[in-house]
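Tertiary structure, described
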Amino acid sequence: MSGRMCPFLVLLCLVLLPVPAAASAAYQAAAPRAAPTPRIQLSAQEAGKGGTLTVTGSGWRPGTLLTLLICGQNMIGGTNACANGDGRAVTTGPDGSFRKDLPVAEPPKPCPCVVHAATVTGAPATADAPFTVAGHPVAPLPRAETGGRLSVLAPPRLEGSSGLLTWFGAPAQRRLVVTVGNVGATPAEDPVFEVGTSHGVFAPQWEERQWQGTVPAGRKQRIELPVELPAGAHGDYLVSLKYGGKVLAEQPWGVGRPWGVTLFWILLCVVVPAAVFRIGMAVVDRVRPRPGAARTKGRPWGRAVSRAPRRAAAAGRHRGARAPAPRSAEPAPADGDAAAPLPWFTPDTAPSASTAPPTDPPTSKGSP
């Protein structure tokens, strides 16, 4: 029985042996072919300004629009390091290849330089090839930043309130609170932010603010930075936060008008003229002459002596009329009134009250 099974087992092994190879070939045929990697080739590795360089590409998507640029500093700073005015555009063929002549130009950044190809539409794809621009300056590449990459995870807000002095024009102060996350591979130690305030259409005025602390890689941190406006500032302001040359967040800030300053100027415009008027009136009252004072010849300024009683006494003696009896006391004149008349008769010379009046009135001259 065992002798009969041996040929059968050998035959079965021979039948099943090609199955794995056939299955593997079928799997490879059914699997999708991996997309080729875009690449470019140059006709020369060095050329001077004004020359022409032929760029050949392959592995691109068919019918894709590309741009070709010569860039300095290995294009670390983006297209700002490229000679954008001398670039060229090209469309790939059905097989994803192209061929284009590119004029050699000096980029705005020093070499090492590259020829950069990038897609304009569709999924982004790029390719670089080293190139040397003859006669162009060469400088070391800038050091890579090790301060981490921070991004804002929550909307910023302003905390704090204004005091009484702000109502009188003191600078308004707040704290800009923002939650940031470090999406880089290295921690950010004592990061330096830039806080800017802008009013209306004016550009922000940036000031550096260093935060003391460390934001570990892959972690988030709550950061508070002081913000201060100029004295007397009021209206709608915009507070901006920038880190690494990129604006991270913006927060509006409405500042009330300092009405205390307006009240101060109103009081100043009222009090000063009133004080000047009072001082002027006091000076005028001090230098003006007193009421009832008269200046007679040979007499200094002072109280004038009334001559009315003297004239009345002379008229009484002339007509023989009884002179009025002297009064024992005269009321004191009031301030500002005319001075009281002096007595013109003494007690021994005054006419007696018992003297009888003449019987016959005096006759005038020439009467019978």
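Calculation rules
- Residues numbered from 1 in each chain as written.
- Predicted model: local features only at pLDDT ≥ 70, side-chain atom pairs only at ≥ 80, totals over all residues.
- Heavy atoms only, no water.
- Helix = DSSP H or I, 4+ residues; strand = E, 2+ residues; numbered from the N terminus.
- Buried < 20%, exposed > 50% of the residue type's maximum accessible area, 1.4 Å probe, protein only.
- Contact = heavy atoms within 4.5 Å.
- Areas by Shrake-Rupley, 256 points an atom, 1.4 Å probe, with all protein chains shown as cover.
- Pairing = 2+ DSSP bridges.
- Salt bridge = Lys/Arg side-chain N within 4 Å of Asp/Glu carboxyl O.
- Phe/Tyr/Trp six-rings, centres within 6.5 Å; stacked < 30°, edge-to-face > 60°.
- Lys NZ or Arg CZ within 6 Å of the ring centre and 35° of its normal.
- pLDDT = per-residue confidence, 0-100.
- Axes fitted to C-alpha atoms, helices over the stretch in contact; angles between N-to-C directions.

1. Let's talk about the overall build of the protein
Counting its secondary structure elements, the protein contains four helices and 20 strands. The buried share of the protein, taken over its 368 residues, is 24%. Considering only contacts in the protein between residues 6 or more positions apart, those separated by 24 or more positions represent 66%. Surface summary for the protein: the accessible area is close to 25900 Å², and the carbon and sulfur share equals 59%.

2. Quick notes on the side chain of Thr 197
Locating Thr 197 in the fold gives a position in strand β13 (residues 192-199). For Thr 197, a relative accessible area of 16% corresponds to the buried category. Those residues in contact with Thr 197, other than ones at most four positions away along the chain, are Ala 203, Pro 204, Gln 205, Val 227, Leu 229, Leu 238 and Val 239.

3. A few points about the pairing of strand β1 (residues 39-42)
A one-sided burial pattern is seen for β1, the buried positions being Ile 40 and Leu 42 and the unburied ones Arg 39 and Gln 41. Inspection of the sheet shows β1 paired to strand β3 (residues 52-58) by four bridges, in the antiparallel sense. Bridge pairing links Leu 42 to Val 55 in β3.

4. Some words on the pattern of salt bridges
Under the defined criterion, the tally for this structure stands at seven salt bridges. In this structure, the salt-bridge partner of Arg 222 is Glu 224, at a minimum N-O distance of 2.5 Å. In this structure Glu 224 comes out as partly exposed when scored by relative accessible area, which is 34%. Linked through salt bridges whose partners overlap, the residues forming this network are Arg 157, Glu 159, Arg 175, Arg 222 and Glu 224.

5. Remarks on the packing of aromatic side chains
Summed over all chains, the structure comprises two aromatic pairs. Judged by centre distance (5.2 Å) and plane angle (45 degrees), the rings of Phe 193 and Tyr 243 are tilted. With Phe 193 in strand β13 and Tyr 243 in strand β17 (residues 235-243), this pair connects stretches of sequence that are 50 residues apart. One cation-aromatic arrangement involves Lys 242 over Trp 206; the distance from NZ or CZ to the ring centre is 4.1 Å.

6. Thoughts on the confidence of the model for the protein
Summing up the model confidence of the protein, the mean pLDDT is 76 and the portion of residues at 70 or higher is 67%. Scored below 50 in pLDDT, residues 14-32 shows zero contacts in the model against residues more than four places distant or in partner chains. Below pLDDT 50 for its whole length, residues 301-306 participates in eight contacts with residues either more than four positions away or in separate chains.

7. Regarding the sheet that holds strand β18 (residues 246-255)
In spatial order, the strands read β14-β13-β17-β18; together these four strands make up an open sheet with antiparallel pairing. Lying at the two open borders of the sheet, with one neighbouring strand each, are β14 (205-210) and β18. Across the sheet, the mean angle separating the axes of adjacent strands is 25 degrees when strand polarity is ignored.

8. A few points about the sheet that holds strand β6 (residues 98-103)
Read across the open sheet, the three strands follow the order β1-β3-β6; overall the sheet is antiparallel. One side of each edge strand has no neighbouring strand; the edge strands of this open sheet are β1 and β6. When the angles between neighbouring strand axes are averaged without regard to direction, this sheet yields 30 degrees.

9. What to know about the environment of Ala 185
Assignment of secondary structure puts Ala 185 in the loop between β11 (173-182) and β12 (188-189). Expressed as a C-alpha distance, the spacing of Ala 185 and Arg 149, which sit 36 residues apart in the sequence, is 8.1 Å.

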